[in-house]
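Residue-level structural notes
Each chain, letter by letter, is given below.
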Amino acid sequence: SLIITDECINCDVCEPECPNNAISQGEEIYQIDPNLCTQCVGHYDEPQCQQVCPVDCIPLDPSHPETKDELYQKYLKISGQA
Ligand code: SF4
Ligand code: SF4
């Protein structure tokens, strides 16, 4: 999963780009649900939120390390294919 840091300026451009609806407005900044973020595996070659974030505040979440295969299995699960 990726994570949104406190550098987020609440610009809202990432939320509609997420193919898994993993991004939502939190109490102060936007947040990513690690159970839904596949780092865009299954949909795109690159994380879409990272592509559009104007302040580059969406790094890998060190507390949720996942392999490509694990991310793909998550994609299959949330898309109802597994
Ligand atoms: Fe959504 Fe992809 Fe960003 Fe994860 S990396 S939050 S799946 S847009
Ligand atoms: Fe925050 Fe970046 Fe998303 Fe804008 S694109 S809401 S700055 S995380």
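Use the structure listed above.
Residues numbered from 1 in each chain as written. Chains lettered and ligands numbered in written order. Predicted model: local features only at pLDDT ≥ 70, side-chain atom pairs only at ≥ 80, totals over all residues. Heavy atoms only, no water.

**Some details on the overall build of the protein**
We apply this condition: Put simply, DSSP H or I for four residues or longer makes a helix, DSSP E for two residues or longer makes a strand, and each gets a number counted from the N terminus. To get the radius of gyration, use the C-alpha atoms; to get the globule rule, take the number of residues to the power 0.38 and multiply by 2.2 Å. Buried, partly exposed and exposed residues are distinguished by accessible area as a fraction of the type maximum, computed with a 1.4 Å probe on protein chains only: under 20%, between the cut-offs, and over 50%, respectively. With residues, only the protein chains shown are counted as cover, and all accessible areas are computed by Shrake-Rupley using a 1.4 Å probe.
Looking only at helices and strands, one finds 2 helices and 2 strands in the protein. Of the regular secondary structure in the protein, the N- to C-terminal order runs β-β-α-α. For a compact globule of 82 residues, the expected C-alpha radius of gyration is about 12 Å, and the protein comes in at 12 Å, within 12% of that figure. Evaluated residue by residue, the protein yields a buried proportion of 34% over its 82 residues. If you sum the accessible surface of the protein, you get close to 5,200 Å²; carbon and sulfur atoms cover 46% of it.

**Observations regarding the site of ligand 2**
How we decide: One heavy atom within 4 Å of a molecule or strand makes the whole residue count as near it. Ten residues, namely Ala, Val, Leu, Ile, Met, Phe, Trp, Tyr, Cys and Pro, are considered nonpolar, four, namely Asp, Glu, Lys and Arg, are considered charged, and the remaining ones, Gly among them, are considered polar.
Around ligand 2 there are 14 residues in total, and Cys8, Cys11, Asp12, Cys14 and Cys53 lie nearest to it. Its residues assigned to classes, the shell around ligand 2 comprises 12 nonpolar, 1 polar and 1 charged.

**So, the pattern of salt bridges**
Side chains that differ in sign of charge can pair as their charged atoms come close. Defined as follows: By salt bridge we mean one thing: a side-chain nitrogen of Lys or Arg within 4 Å of a carboxyl oxygen of Asp or Glu.
Taken as a whole and assessed by the stated rule, the structure comprises 1 salt bridge. The salt bridge partner of Lys74 is Glu66, with a shortest N-O separation of 2.6 Å. According to the relative accessible area criterion, Lys74 is buried, its value standing at 14%. For Glu66, a relative accessible area of 26% corresponds to the partly exposed category.

**A short note on the environment of Leu2**
Basically, it comes down to this: Throughout, a residue-residue contact means that at least one pair of heavy atoms, one from each residue, lies within 4.5 Å.
Structurally, Leu2 is set in the segment before strand E1 (23-25). For Leu2, a relative accessible area of 3% gives the class buried. Sequence separation of Leu2 and Gln50 is 48 residues, and the distance between their C-alpha atoms is 9.0 Å. Setting aside its immediate chain neighbours within four residues, Leu2 contacts Ile32, Cys37, Gln39, Pro47, Cys49, Gln50, Ile58, Pro59, Leu60 and Asp61.

It is worth stressing that arrangement in space is one thing and function is another; only the former is reported here.
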